[in-house]
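As a plain string of letters, each chain reads:
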Amino acid sequence: MAGAGAKRRRTENAKRLKALRVALVLSSVVYVGLRLGWFHNTAGWKHYLGYLITSAISALCYRSISSMAKPTYGPNGELLDGGADLSMGGTLEYLHDVLYITVFVHTASIVTDWFWLAYLVIPGYAGYMLWIYIIYPYVFAARPDEQQDSQMDAKKRAKMEKKATRTKYLHGKK
């Protein structure tokens, strides 16, 4: 038997999924109707291909989000879990961002083709995250032998500082 939190999460997830679905369908209908339908003489094969690729990507993202938000029911039909919280960060946040960028690109590219360049934000951000969390720490990390040398240097430096602060005696005088 699920508590009130699971039931609330189930309804919030259903609302969020419905809003995402409406945004995706509306932007697709507007793009296909206006850009590929009404202004079909200015739409080339690149527009069709771009629309198909971005629609496939957004469909995969939406499917991933909806599978994470799917509630779990027991054998007799009672709610066990309300699904993942769609407002939490991490992968869900990135999937939402891809969907929002797709909606923006489909809607704004009706005005000019230059808005397709906004889709480059996704691989740009992925490259940035790859650099920050994987490549940079791996390439510029100190090697174990360098760490030992730096520890020895720190010990020598501490010893020299300690020696310099000691009181010196010169032939019985202070």
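Peer 1: Give me the lowdown on the packing of helix α3 (residues 91-108) against helix α4 (residues 121-139), citing residues and values where you can.
Peer 2: Relative to each other, α3 and α4 sit at 155°, their axes nearing to 10 Å. Considering the angle they form, α3 stands roughly antiparallel to α4. Here Tyr94, Val98 and Ile101 of α3 lie close against α4, whose contacting residues are Val121, Ile122, Tyr125 and Met129. The residue inventory of the contact of α3 with α4, partitioned by class, reads 7 nonpolar, no polar and no charged.

Peer 1: Summarise helix α2 (residues 45-68); cite the residues concerned and give the values.
Peer 2: Taking 1.5 Å per residue, 24 residues should reach 34 Å; α2 reaches 35 Å between its end C-alpha atoms and fits that length. By the burial criterion, the buried members of α2 are His47, Gly50, Tyr51, Thr54, Ser55, Ser58, Cys61, Tyr62 and Ile65. In this structure, the buried residues of α2 make contact with α1 (4-38) and α3.

Peer 1: Describe the nonpolar core, naming the residues involved and giving the relevant values.
Peer 2: Formed by 21 residues in total, the largest nonpolar core has its most connected members in Leu17, Tyr31, Tyr62, Ile65, Leu86 and Leu99. Elements with a contribution of two residues or more to this core: α1, α2 and α3. Apart from the residues lying within four places of it in its own chain, the contact partners of Ile65 are Leu17, Leu20, Leu86, Leu92, Leu95, His96 and Leu99.

Procedures and definitions
- Residues numbered from 1 in each chain as written.
- Predicted model: local features only at pLDDT ≥ 70, side-chain atom pairs only at ≥ 80, totals over all residues.
- Heavy atoms only, no water.
- Axes fitted to C-alpha atoms, helices over the stretch in contact; angles between N-to-C directions.
- Helix = DSSP H or I, 4+ residues; strand = E, 2+ residues; numbered from the N terminus.
- Parallel < 35°, antiparallel > 145°, perpendicular 65-115°, else oblique.
- Contact = heavy atoms within 4.5 Å.
- Nonpolar A, V, L, I, M, F, W, Y, C, P; charged D, E, K, R; others polar.
- Expected span 1.5 Å × (residues − 1).
- Buried < 20%, exposed > 50% of the residue type's maximum accessible area, 1.4 Å probe, protein only.
- Core = buried A, V, L, I, M, F, W, Y, C linked by side-chain atoms within 4.5 Å.

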